[in-house]
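# A structural walkthrough
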Amino acid sequence: MLALEMVERSGRRSDEPRVKRILLSWSSGKDSAWALHLLRQNPEWRVEALVTTFNTAADRVAMHAVRRALVEEQARAAGLPLWQVELPWPCSNAQYEEIMRGACQRGVAEGITDIAFGDLYLEDIRAYRERQLEGTGLQPLFPLWMIPTRQLAADMVAAGIRAKITCVDGSKLDRSFAGRDYGQEFVDSLPSTADPFGENGEFHTFVYEAPVFAHPIAVETGEIIERDGFIFADVLPASLL
């Protein structure tokens, strides 16, 4: 009788798998959106919130250079809270790690068990994340790990992922790629030296339509500038134009 009462109170049978409560590291790009899509396919995983680091001085996502307001709109479209992690500029690695430890502590305090990343192949990045999470109480998840990037790109485009190219490494791609839409035409136009998913840092994206969004986000490409060898395309909410 006592066991039955415990099941009724918890809403879960003792032999049912425990649901993992997950934070998702959210860059605003296609890797994050597809990671969320895959995580939601597994009933044993429940994404509770998106975590994004912002350059406080610029009010944008680092490297992707996406405006904060657009990331907030992504979170609303995904139906998830957005944990906004503020980074000073400049920000040392020690400062970054201390600030991220605070975010991890918040997660543990709120009953989070895991944190997921959209990493694919970079062993050093994965090892760094695993090392930094040791002792925090959070376990790392890598739902995209080792999926072939050409297959990944094709699956995403077929599923309806639509994104803007927000940043291009000028040493790897021509500046004309900045501001374009990510899709099969874009992938086919890449030079043979470029990864179709941009896994080697060739480009970064902002997702404006995805299976995980309740509605698309209306955006336009604004000013394109070059800085420190990178070409940035300013993605704007369509309402601003």
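As a starting point, this report considers the structure included with it. (Residues numbered from 1 in each chain as written. Predicted model: local features only at pLDDT ≥ 70, side-chain atom pairs only at ≥ 80, totals over all residues. Heavy atoms only, no water.)

What describes a pair of aromatic rings is the distance from one ring centre to the other and the angle between the planes of the rings. Summed over the entire model, instances satisfying the criterion amount to 8 aromatic pairs. With a centroid separation of 5.6 Å and 90° between ring planes, the pair formed by Phe177 and Phe186 is classed as edge-to-face. Each member of the pair, Phe177 as well as Phe186, is classed as buried. Members of the aromatic cluster, connected to one another through ring pairs, are Phe177, Tyr182, Phe186 and Phe203. Directly above the aromatic system of Tyr182 lies the positively charged group of Lys30, at a separation of 5.6 Å from the ring centroid. The residue whose ring lies beneath Arg227 is Phe232, and the NZ or CZ to ring-centre distance is 4.6 Å. (Phe/Tyr/Trp six-rings, centres within 6.5 Å; stacked < 30°, edge-to-face > 60°. Buried < 20%, exposed > 50% of the residue type's maximum accessible area, 1.4 Å probe, protein only. Lys NZ or Arg CZ within 6 Å of the ring centre and 35° of its normal.)

Unoccupied space between atoms shows up once a probe the size of one water molecule is rolled over them. Under the definition given, this model contains 1 cavity of 30 Å³ or more. Computed from the structure, the largest cavity encloses a volume of approximately 30 Å³. Lining the largest cavity, in full, are Leu23, Val51, Met100, Ala103, Cys104, Ile115 and Leu138. Element by element, the count of residues in the lining of the largest cavity is highest for helix H4 (residues 93-109), at 3 residues. A class-by-class count of the residues in the lining of the largest cavity yields 7 nonpolar, no polar and no charged. (1 Å grid on protein atoms, 1.4 Å probe; cavity = no way out; pocket = protein on both sides within 12 Å on 5 of 7 lines; lining within 4 Å. Points joined across faces, edges and corners; volume = space filled by probe spheres on them. Helix = DSSP H or I, 4+ residues; strand = E, 2+ residues; numbered from the N terminus. Nonpolar A, V, L, I, M, F, W, Y, C, P; charged D, E, K, R; others polar.)

Another point: the nonpolar core. One broad trend across soluble globular proteins is that nonpolar side chains are buried collectively. Of all hydrophobic cores here, the largest spans 54 residues; its most connected members are Leu24, Tyr182 and Phe213. Beyond its immediate sequence surroundings of up to four residues, Leu24 is in contact with Ser32, Ala35, Leu36, Leu39, Val47, Ala49, Leu50, Val51 and Ala116. Counting 16 residues, the second largest nonpolar core, distinct from the first, contains Ala49, Val51, Ile112 and Leu133. (Core = buried A, V, L, I, M, F, W, Y, C linked by side-chain atoms within 4.5 Å. Contact = heavy atoms within 4.5 Å.)

Running from N to C, H4 and helix H5 (residues 123-133) cross one another at 60°; their axes reach a closest spacing of 11 Å. As the angle between them shows, H4 and H5 are arranged oblique. For the element pair H4 and H5, the recorded crossing hand is right-handed. Here Asn93, Tyr96, Glu97, Arg101 and Cys104 of H4 come into contact with H5, specifically with Tyr128, Gln132 and Leu133. (Axes fitted to C-alpha atoms, helices over the stretch in contact; angles between N-to-C directions. Parallel < 35°, antiparallel > 145°, perpendicular 65-115°, else oblique. Left-handed = near helix turned anticlockwise from the far one by under 90°.)

Moving on: unusual backbone geometry. Residue Pro90 is reached from Trp89 by a cis peptide bond, and omega for that bond is 0°. Checked against the element boundaries, Pro90 lands in the loop between strand E4 (82-87) and H4. Phi is positive for Ser28, close to 90°, though the residue is something other than glycine. In this fold, Ser28 is placed in the loop between strand E1 (20-25) and helix H2 (30-39). Residue Ser28 is classed as buried on the basis of its relative accessible area of 0%. Positive phi is not limited to glycine here, since Asp228 has a value of about 55°. By the element assignment, Asp228 lies in the loop between strand E10 (219-227) and strand E11 (230-237).

What follows covers H2. Burial analysis of H2 places 8 of its 10 residues in the buried class, the great majority of the element. All of the buried residues along H2 are Lys30, Ser32, Ala33, Trp34, Ala35, Leu36, His37 and Leu39.

A separate point is the environment of Val235. Mapped onto the secondary structure, Val235 falls in strand E11. By relative accessible area, Val235 is classed as buried at 4%.

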